[in-house]
Number of protein chains: 2
Amino acid sequence: MKTYLDCIPCFIRQTLDAVRVATTDPALHELALREILKAAGEVDFSLPPPLMGHRIHHLIRTLTNVPDPYKLLKDQYNTYVLGLYPALKELVEGSPGPIETAARLAIAGNIIDFGATIKVDQSIVDKTIESSLGDKLFGSMAEFQAAVNSAGRILYIGDNAGEIVFDRLLIEQLPTERVTFVVRGGPVINDVTMADAMDTGMTELVKVIDNGSDVQGIILEECSEEFRQSFAKADLVIAKGQGNYETLSGVEKPIFFLLKAKCLVVAGHIGCDLGSMVIGRVEDFKPQELNHHV
Amino acid sequence: MKTYLDCIPCFIRQTLDAVRVATTDPALHELALREILKAAGEVDFSLPPPLMGHRIHHLIRTLTNVPDPYKLLKDQYNTYVLGLYPALKELVEGSPGPIETAARLAIAGNIIDFGATIKVDQSIVDKTIESSLGDKLFGSMAEFQAAVNSAGRILYIGDNAGEIVFDRLLIEQLPTERVTFVVRGGPVINDVTMADAMDTGMTELVKVIDNGSDVQGIILEECSEEFRQSFAKADLVIAKGQGNYETLSGVEKPIFFLLKAKCLVVAGHIGCDLGSMVIGRVEDFKPQELNHHV
């Protein structure tokens, strides 16, 4: 997916949110903002939005000398969702369709995305869990289930810390011996890294690899050779969240995207309403005329 | 009021909103956005936000060769509120405190501000009117009333088209022979100009002057000599809306600010909640520590 004009105000807001997470120094807040305004003025709209996100978060880490500004938030959300895990696990196992319930929860967990808004809090997570069990799915659970059943190798690309515990619930319902879970190669915003996979028990459940890149998504050329081989060999890719969608929606591959549509640009590109719970492949989507976007 | 870091994402969003009002040409949308990103990267934070707004709207008028992009919207809102006028007039005159009811409606009318958001529509205007009659006022109606009673010359600085009809309701409750109404010297976003004053009957009610400037507020040095003299001679200034507040809050003068607080920066600067109905002087306000702003 390319970058839309409407992504730009969001980049600027995200810069301000992120630099305030990294430091309380107002001079650095201003400096980061000015730098990203300049960079955004020269943005290449043909590239996917996470590349500008990458630039924003790289700049902030460099300017503030804080290598992982969201570390505390990531730990807090891992801990919070691990606290919910036993009850959610019971909910999944007691439900008439455990895989569907787990998929719904995995999509709900995608709300823990500090790129879309910094205003996520635990009450929003709780509410999203609750509504996710009854909300209409945009896509097809049956086809997801069929794709899982017929796939030899499944590559599950994670998105955010905290959310990874919800992913664990879903992966527990999949044939784990065939699943590899993917984390980012380095810290970027609250995206999931190997530390999160270890802290949340994912490494004990399935094979976990990192993709060798600290972009909030999958730019294949920037990923490690090991990841690219796993990607090439996978029969089915399950990609969580908007960043993975924005970077992989144009890639030829059987990919199921599981996400909460949290911004109008992504919702329009998929053809769903804002807030939708999406579980589908690009060919299932019906892009709207984004005629108020370039 | 100076410009805060949080004004910047809003400027960028406003640029996109405004250029889309002016033209459907996506190349111009992109060009305007790139230009304003560059300008915002070099913004002087010591100046009030409407100066960047001025730059945005001037650029868009120049790029698109549309001298008054909001003309249609301004006419629509003047017409819409003129349609409501007879019923609102009856409401004011039938109420136990006509001046308070009229002041409440004048503040409600400040919701018609396409700078704060392009998503104003008639249903939002209707809802704001309804809630304005019962909402708590931030400030003091009694002191406003006392200031009006004791003032010889009253300068009432208007803000937006549509809103001007609400201003008319309030001015009808004031000693009209002592009131001068001020419009902008040229079109800028949906701010009120002489054409709006003529279309809505304001020119038949009181003396109307323009300030000689097309900034969304009052930068005295940019205003005409005639306006500056009227401003100097006024015993009381009634200033409507955020733009007038942002530019006049630091000026020594008896000024009552009447506005809906529509953004967190202005609400924080005043010390009220977002959405508050404000009627007060700077000395009545209790600025919050805007510690997450520079």
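The rules behind these values
Residues numbered from 1 in each chain as written. Chains lettered and ligands numbered in written order. Predicted model: local features only at pLDDT ≥ 70, side-chain atom pairs only at ≥ 80, totals over all residues. Heavy atoms only, no water. Helix = DSSP H or I, 4+ residues; strand = E, 2+ residues; numbered from the N terminus. Buried < 20%, exposed > 50% of the residue type's maximum accessible area, 1.4 Å probe, protein only. Contact = heavy atoms within 4.5 Å. Buried area = accessible area lost by both parts, 1.4 Å probe. Salt bridge = Lys/Arg side-chain N within 4 Å of Asp/Glu carboxyl O. Nonpolar A, V, L, I, M, F, W, Y, C, P; charged D, E, K, R; others polar. Core = buried A, V, L, I, M, F, W, Y, C linked by side-chain atoms within 4.5 Å. Axes fitted to C-alpha atoms, helices over the stretch in contact; angles between N-to-C directions. Parallel < 35°, antiparallel > 145°, perpendicular 65-115°, else oblique. Left-handed = near helix turned anticlockwise from the far one by under 90°. Pairing = 2+ DSSP bridges. Right-handed = clockwise from strand over helix to strand, strands pointing away. Least-squares fit on C-alpha atoms with pLDDT ≥ 70 in both. pLDDT = per-residue confidence, 0-100. Domains from an automatic or database assignment. Polar contact = N/O pair within 3.5 Å; in protein donor to acceptor, adjacent residues only side chain to side chain.

J.: Please explain unusual backbone geometry as it appears in this structure.
T.: Residues apart from glycine generally show negative phi values, whereas peptide bonds are mostly found in trans. The phi dihedral of A:Asn65 is positive, around 60°, even though this residue is not glycine. Residue position: A:Asn65 is located in the loop between helix 3 (50-64) and helix 4 (71-94). Note on A:Asn65: relative accessible area 67%, which makes it exposed. We note that B:Ile189 has phi near 45°; this positive angle belongs to a residue other than glycine. With respect to the element layout, B:Ile189 can be found in the loop between strand 3 (179-183) and helix 9 (194-199). Judged by its relative accessible area of 5%, B:Ile189 falls in the buried class.

J.: Quick question: what am I supposed to make of the interface of chain B and chain A here?
T.: How big an interface is tends to be reported as the loss of accessible area on association of its parts. Contacts between the two partners involve 22 residues from chain B and, on the opposite side, 22 residues from chain A. A combined buried area of about 1900 Å² lies between chain B and chain A, and 67% of that area is made up of carbon and sulfur atoms. It is B:Arg20, B:Arg34 and B:Leu37 that lose the most area in chain B upon contact with chain A, and together they represent 28% of the buried surface on that side. Taken together, the connections running from chain B to chain A amount to two salt bridges. Between A:Asp6 and B:Arg20 there is a salt bridge, with its nearest N and O atoms 2.6 Å apart. Of all the secondary-structure elements, those providing two or more residues to the side of chain B that touches chain A are helix 1 (7-22) and helix 2 (26-41) of chain B. For the side of chain B that touches chain A, the element with the highest residue contribution is helix 2 of chain B, accounting for eight residues. The residue inventory of the side of chain B that touches chain A, partitioned by class, reads 12 nonpolar, four polar and six charged.

J.: Which parts of the structure should I look at to understand the nonpolar core?
T.: Nonpolar side chains in soluble globular proteins tend to be buried together. By size, the foremost hydrophobic cluster in this structure holds 199 residues, and its most contacted members are A:Phe144, A:Leu170, A:Phe181, A:Phe227, B:Leu170, B:Phe181 and B:Phe227. The residues contacting A:Phe227, other than those within four sequence positions of it, are A:Leu155, A:Ile157, A:Val182, A:Ile209, A:Asp210, A:Asn211, A:Ile218 and A:Leu220.

J.: Would you mind going over the packing of helix 1 of chain B against helix 2 of chain B with me for this structure?
T.: Residues and elements named next belong to chain B. Axis separation between helix 1 and helix 2 bottoms out at 9 Å; the angle between their running directions is 155°. On the basis of their axis angle, the class for helix 1 and helix 2 is roughly antiparallel. Helix-helix and strand crossings are classified by hand; for helix 1 and helix 2 the assignment is right-handed. Listed contacts from helix 2 to Ile8, Ile12, Thr15, Leu16, Val19 and Arg20 of helix 1 are Leu28, His29, Ala32, Leu33, Ile36, Leu37 and Ala40. Its residues assigned to classes, the contact of helix 1 with helix 2 comprises 10 nonpolar, two polar and one charged.

J.: What is the right way to look at the pairing of strand 3 of chain B in this model?
T.: Look at any regular strand and the pattern is simple: side chains alternate between the two faces of the sheet. All names here are of chain B. Along strand 3, five of the five residues are buried, which leaves the element largely enclosed by surrounding structure. Because side chains alternate across strand 3, one face comprises the buried residues Val179, Phe181 and Val183, and the other comprises Thr180 and Val182, equally buried. Of the pairings in the sheet, the one linking strand 2 (residues 154-157) to strand 3 comprises four bridges and is parallel in character. Within the sheet, the bridge partner assigned to Ile157 lies in strand 3 and is Val182. At this point the chain moves from strand 2, through helix 8 (residues 163-171), to the parallel strand 3, and the crossover so formed is right-handed.

J.: Is there a simple way to think about the environment of A:Ile60 in this case?
T.: Residues and elements named next belong to chain A. Here Ile60 lies in helix 3. Judged by relative accessible area, which is 2%, Ile60 ranks as buried. Measuring from C-alpha to C-alpha, the distance between Ile60 and Ala32 comes to 6.6 Å, with 28 residues separating the pair along the chain. Those residues in contact with Ile60, other than ones at most four positions away along the chain, are Thr15, Ala18, Val19, Ala22, Ala32 and Asn65.

J.: Would you take a moment to explain the relation of the copies chain B and chain A for this structure?
T.: Comparison of the two chain copies shows a relationship of rotation about an axis with a shift along it. In the superposition of chain B on chain A (RMSD 0.0 Å, axial shift 0.0 Å), the rotation amounts to 180°. The transformation relating the two chain copies, once decomposed into turn and shift, fits a two-fold axis. Counting the interface residues of chain B, we find that 100% of their copies in chain A are interface residues as well, pointing to one common contact surface.

J.: How should I be thinking about the confidence of the model for chain A in this particular structure?
T.: Reading predicted coordinates in detail is not appropriate for stretches of low pLDDT. When the pLDDT values of chain A are averaged, the result is 95; 98% of them are 70 or greater. We note a pTM of 0.91 for the whole complex and an ipTM of 0.89 for its interfaces.

J.: How should I be thinking about the domain arrangement of chain A in this particular structure?
T.: Residues and elements named next belong to chain A. Per the domain assignment, the segments of chain A are domain 1 (7-64) and domain 2 (71-284). For domain 1 versus domain 2, the distance between C-alpha centres works out to 25 Å. Listed by partner, the interface residues are 13 residues for domain 1 and 17 residues for domain 2. For the domain 1 and domain 2 pair, buried surface summed over both sides reaches about 1200 Å², with 62% attributable to carbon and sulfur atoms. On the domain 1 side of the contact with domain 2, Pro50, His54 and Arg61 bury the most area, a combined 36% of that side's loss. At the boundary of domain 1 and domain 2, one finds one salt bridge. Here Arg61 ties to Asp214 by a salt bridge, and the two come within 2.9 Å at their closest N and O atoms. Connecting domain 1 to domain 2 are six residue pairs in polar contact (both at pLDDT 80 or more). Counting residues per element, the ones that place at least two in the side of domain 1 that touches domain 2 are helix 1 (7-22) and helix 3. Of the residues forming the side of domain 1 that touches domain 2, the biggest block, six residues, is contributed by helix 3. The class makeup of the residues in the side of domain 1 that touches domain 2 is six nonpolar, four polar and three charged.

J.: Is there a simple way to think about the pattern of salt bridges in this case?
T.: When charged atoms on two side chains of opposite charge get close, those side chains can pair. Using the criterion set out here, one finds 38 salt bridges over all chains in the structure. Among the ionic pairs, B:Glu30 bridges to B:Arg34, the shortest N-O distance being 2.8 Å. With B:Glu30 and B:Arg34 both in helix 2 and four residues apart, the pair spans about one turn of that helix. We classify B:Glu30 as partly exposed; its relative accessible area is 22%. Connected through salt bridges with shared partners, the residues A:Lys89, A:Glu93, A:Arg168 and A:Glu172 form a single ionic network.

J.: Looking at this structure, I do not really get the pairing of strand 3 (residues 179-183) of chain A. What am I missing?
T.: Pairing of strand 3 of chain A with strand 4 (residues 207-210) of chain A, which is carried by four bridges, proceeds in the parallel orientation. Across the sheet, A:Phe181 pairs through a bridge with A:Val208, a residue of strand 4 of chain A.

J.: Looking at this structure, how should I read the environment of B:Asp126?
T.: Residues and elements named next belong to chain B. With respect to the secondary-structure elements, Asp126 resides in helix 6 (residues 122-132). Accessibility expressed as a relative area gives 33% for Asp126, which makes it partly exposed. Ignoring sequence-local partners within four residues, the contact set of Asp126 consists of Tyr80 and Leu84.

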